[in-house]
Amino acid sequence: MARSYDISKDVVWRAYQQVKANKGAAGIDGQTMQDFDKDLKRNLYKIWTRMTSGSYIPPAVKAVVIPKKTGGTRTLGIPSISDRIAQTVVKFYLEPEMDRCFHPDSFGYRPGKSALQAIEVTRQRCWKYGWLLEFDIKGAFDNIDHSLLMKALKMHTESDWILLYIKRWLVAPMQQPDGEIHERMVGTPQGGVISPLLMNLFMHYVFDKWMSIHYPKLPFARYADDGIVHCRTLQEAENVKVVLGKRFEECKLALHPKKTKIVCCKANKPWIKYPVCKFEFLGYEFRLRTARTRSGKLFPCFLPAISPNAAKAIRGEMRSWFKSSRSDKSIEDLSRMFGPTLRGWINYYGHFYQSALYPTMYNFNRKLVKWVTQKYKRFRRRPRRAHYWLGRIAHKQSWLFPHWKLLGLKPSAG
């Protein structure tokens, strides 16, 4: 088969390694990574051959409906294993050049950028600017205009094969849970490897660069389709909201009416009366809290901490861990099963205003105490004794659960 495009076999191999490391569910063909690995050499050669010849046609993506933390549902488009590898190949070629052009205050799905960086930048700017516009785009991934996106893409690459395959991925059909196939004329599936990069590209021109030209003195932080624009006055925030709404309409997107709002960050000023003085961003709730100076003096400050919605979602997952008694497991087993997830939560939600995370971690302690009473006969109907027994283990083996160090090795009996 003739080779029309120069695509390295090494890049295909690295793409496979990344897809395997990320794990993920099977696509519409039902092929798992274990199935793919059974004939690895042939499967990778097939991807490389088709991509270099221009004959690669992406299969339909598998629609998976998942609940949102804030209510409602979100539809993800899950590509097949082979298609994820092909998308990763294109991403490896395209992302390095494209990322250099992106705005420094775009934090989502970028190498070297993180949600915690966005939180930190927003925290500092809330102290300098008294008002902000919090915005969310309604169905951003599902409503990206293909013609505008391809126009933006052509400003960053002249590679025929990259343009060819991205165009094919944009129109690849989606198979619904009932098996029905839906054609797609707009949007890029949330769940695809290449989709976050395309979202950042689209928003770079729709929002980031536009803001730099029209509102150069107003800083912002954007994470995919969620963003914050800091303003100096209420009037300025109201103006930005109206103008930004029109800008998104021109680009065939729409602000979410309920999630887009103006927030006052000066709630400690008694002469300012404004109904909205808190907001959520990337799992953190920003509002007036009590802070302490180095000398120990308390003062009010606008600060981020784990949001009530995020804490509720964590408690819900903890409940799911103990739907069965787990009495067949040892405490070391529970540590291996749940420790990494607890550590991830602590590393993220404990980064700012750590004490707000304590009640949620104490909730896990109560689950552990209940587990002890169910596993050991001598502790049944004696939660206080179970609590002390667990406390002794926490002092001797504090490494078992990361939250024990966070809470000062004092498991609660609840």
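What counts and what doesn't
- Residues numbered from 1 in each chain as written.
- Predicted model: local features only at pLDDT ≥ 70, side-chain atom pairs only at ≥ 80, totals over all residues.
- Heavy atoms only, no water.
- Salt bridge = Lys/Arg side-chain N within 4 Å of Asp/Glu carboxyl O.
- Helix = DSSP H or I, 4+ residues; strand = E, 2+ residues; numbered from the N terminus.
- Buried < 20%, exposed > 50% of the residue type's maximum accessible area, 1.4 Å probe, protein only.
- Expected span 1.5 Å × (residues − 1).
- Contact = heavy atoms within 4.5 Å.
- Polar contact = N/O pair within 3.5 Å; in protein donor to acceptor, adjacent residues only side chain to side chain.
- Phe/Tyr/Trp six-rings, centres within 6.5 Å; stacked < 30°, edge-to-face > 60°.

*Asks:* Residue-level account of the pattern of salt bridges, with values.
*Replies:* Taken as a whole and assessed by the stated rule, the structure comprises 15 salt bridges. Across the pair Arg123 and Glu120 runs a salt bridge, and its minimum N-O distance is 3.1 Å. In this pair, Arg123 and Glu120 are both assigned in helix α5 (residues 115–128), 3 residues apart and thus about one turn of the helix distant. For the salt bridge of Asp145 with Lys252, the shortest nitrogen-to-oxygen distance reads 3.3 Å. Of this pair, Asp145 sits in the loop between α6 (140–143) and α7 (146–153) while Lys252 sits in the loop between α10 (234–250) and β8 (261–264), placing them 107 residues apart in sequence.

*Asks:* Talk me through unusual backbone geometry; I want residue IDs and the actual numbers.
*Replies:* Even without being a glycine, Lys23 presents a positive backbone phi close to 60 degrees. Secondary-structure assignment places Lys23 in the loop between α1 (9–22) and α2 (33–38). According to the relative accessible area criterion, Lys23 is exposed, its value standing at 63%. With phi around 55 degrees, Leu282 is a residue other than glycine that occupies positive phi space.

*Asks:* Can you lay out α1 for me, pointing to particular residues and giving the numbers?
*Replies:* Its 14 residues place the ends of α1 20 Å apart at the C-alpha level, agreeing with the 20 Å of an ideal helix rising 1.5 Å per residue. Buried-residue contacts for α1 involve α2, α3 (40–53) and α4 (81–99). Measuring from the backbone nitrogen of Asp10 back to the side-chain oxygen at the start of α1 gives 3.0 Å, which picks out Ser8 as the cap. Looking one or two residues past α1, Lys23 carries a phi angle of roughly 60 degrees, positive in sign.

*Asks:* I'd like a description of the packing of aromatic side chains, backed by residues and values.
*Replies:* One pair of aromatic rings is described through two measures. These are the centre distance and the angle between the planes. If you walk through the whole model with that rule in mind, you get 33 aromatic pairs. With a centroid separation of 6.0 Å and an interplanar angle of 55 degrees, the aromatic rings of Trp210 and Tyr215 are classed as tilted. In terms of burial, Trp210 and Tyr215 fall into one category: buried. Between Phe322 and Phe338 the ring centres are 5.6 Å apart and the planes differ by 50 degrees, which places this aromatic pair in the tilted class. Of this pair, Phe322 sits in the loop between α11 (308–321) and α12 (331–349) while Phe338 sits in helix α12; the two residues are 16 residues apart in sequence, bridging distant segments of the chain. One exposure class covers both Phe322 and Phe338, and it is buried.

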